[in-house]
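Chain by chain, the residues:
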Amino acid sequence: MAYIEELRSLVGTRPLILPGAAVIVSDASGSILLLQRADTGGWGLPGGFMDTGEALEETARREVKEEVGLDLDDLTLVNVFSGPEQYFRYPNGDQVFNVTTVYAAKAGSQPLCLDPREAAAARFFPVDDLPADLIAPEVPILEFYSRSLKNSL
């Protein structure tokens, strides 16, 4: 995060293009893990921005470990999301255009251990019954994932 803070000191709240990773973590029933983000209040996937020198798979694993305490085994690439749908303005005014690499993984039997600085709550939701207050950039990701599940049936 020091990298992003340094960029912000130079450009203020102007839009940054930032790479990151998110993980669609599913339980045995196929429900997916969403976090109520501490910074925005909306619901979203576990994930975050890439650190300098880090591979995207490392970002995905690190973010899930930091946010909910899960160690992930196998990651499966879902897709890469970018474009105007990935724009987000944080409550503090910071603007980003996310370039998000999304992976899927199984939750296993580990208990969730939330970092309150990252998430106010975490819960598994059925894919067809997601909360209304999803963070905007998560919507196309979750719609894509839902369509891919239906197409695989």
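Anything mentioned here points back to the structure above.
Quick summary incoming for the structure in this document. Here the structure is a predicted model, which means the values were calculated and not measured. (Residues numbered from 1 in each chain as written. Predicted model: local features only at pLDDT ≥ 70, side-chain atom pairs only at ≥ 80, totals over all residues. Heavy atoms only, no water.)

### Quick look at the side chain of Arg-62
One can find Arg-62 in helix H2 (residues 56-68). A distance of 2.9 Å separates a polar atom in the side chain of Arg-62 from a polar atom in the side chain of Glu-63. If sequence neighbours within four positions are ignored, Arg-62 has contacts with Phe-49, Met-50, Asp-51 and Glu-54. (Helix = DSSP H or I, 4+ residues; strand = E, 2+ residues; numbered from the N terminus. Polar contact = N/O pair within 3.5 Å; in protein donor to acceptor, adjacent residues only side chain to side chain. Contact = heavy atoms within 4.5 Å.)

### Some points on the pairing of strand E2 (residues 32-37)
Burial of E2 is extensive: five of the six residues sit out of reach of the surface. Pairing of E2 with strand E8 (residues 119-125), which is carried by six bridges, proceeds in the antiparallel orientation. Looking across to E8, one finds that Leu-33 is bridged to Phe-124. Here E2 runs beside strand E3 (residues 43-44); their pairing, made up of two bridges, is antiparallel. Among the inter-strand pairings, Gln-36 is bridged to a residue of E3, identified as Trp-43. (Buried < 20%, exposed > 50% of the residue type's maximum accessible area, 1.4 Å probe, protein only. Pairing = 2+ DSSP bridges.)

### What to know about the packing of aromatic side chains
Between two aromatic rings, the relevant description is the distance of the centres plus the angle of the planes. In this structure the tally under the stated criterion is four aromatic pairs. Relative to Phe-97, the ring of Tyr-87 lies with its centre 5.1 Å away and its plane at 55°, an arrangement referred to as tilted. Here Phe-97 lies in strand E7 (residues 95-106) and Tyr-87 lies in strand E6 (residues 87-89), a separation of ten residues in the sequence. With 4.8 Å between their ring centres and 85° between their planes, Phe-88 and Tyr-90 make a pair best called edge-to-face. Residue class for Phe-88 comes out buried when judged on its relative accessible area of 15%. (Phe/Tyr/Trp six-rings, centres within 6.5 Å; stacked < 30°, edge-to-face > 60°.)

### A look at helix H3 (residues 138-151)
When the terminal C-alpha atoms of H3 are compared, their 20 Å separation across 14 residues agrees well with the 20 Å that a helix rising 1.5 Å per residue should span. Within the sequence span of H3, burial applies to Glu-138, Ile-141, Leu-142, Tyr-145 and Ser-146. Buried positions in H3, seen along its axis, are confined to an arc of 130° and lie on one side of it. Summarising the geometry of H3, the exposed residues directed more than 90 degrees from the buried face are Lys-150 and Asn-151. Residues of H3 that are buried make contact with strand E1 (16-26), E2, E3, strand E5 (76-81) and E7. (Expected span 1.5 Å × (residues − 1). Arc of directions from axis to C-beta.)

### Structural notes on the nonpolar core
Counting 16 residues, the largest nonpolar core has Ile-24, Ile-32, Leu-34, Leu-45, Val-102, Ile-141 and Leu-142 as its most contacted members. Residue assignment for this core shows that the elements contributing at least two residues are E1, E2, E5, E7 and H3. Broken down by element, this core gets its largest block of residues, three residues, from H3. In contact with Ile-24, not counting residues within four places along its chain, are Ile-32, Leu-45, Val-102, Tyr-103, Ala-104, Ala-105, Ile-141 and Tyr-145. One finds Val-23, Leu-35, Val-64 and Ala-105 within the second-largest nonpolar core, a separate group that totals 15 residues. (Core = buried A, V, L, I, M, F, W, Y, C linked by side-chain atoms within 4.5 Å.)

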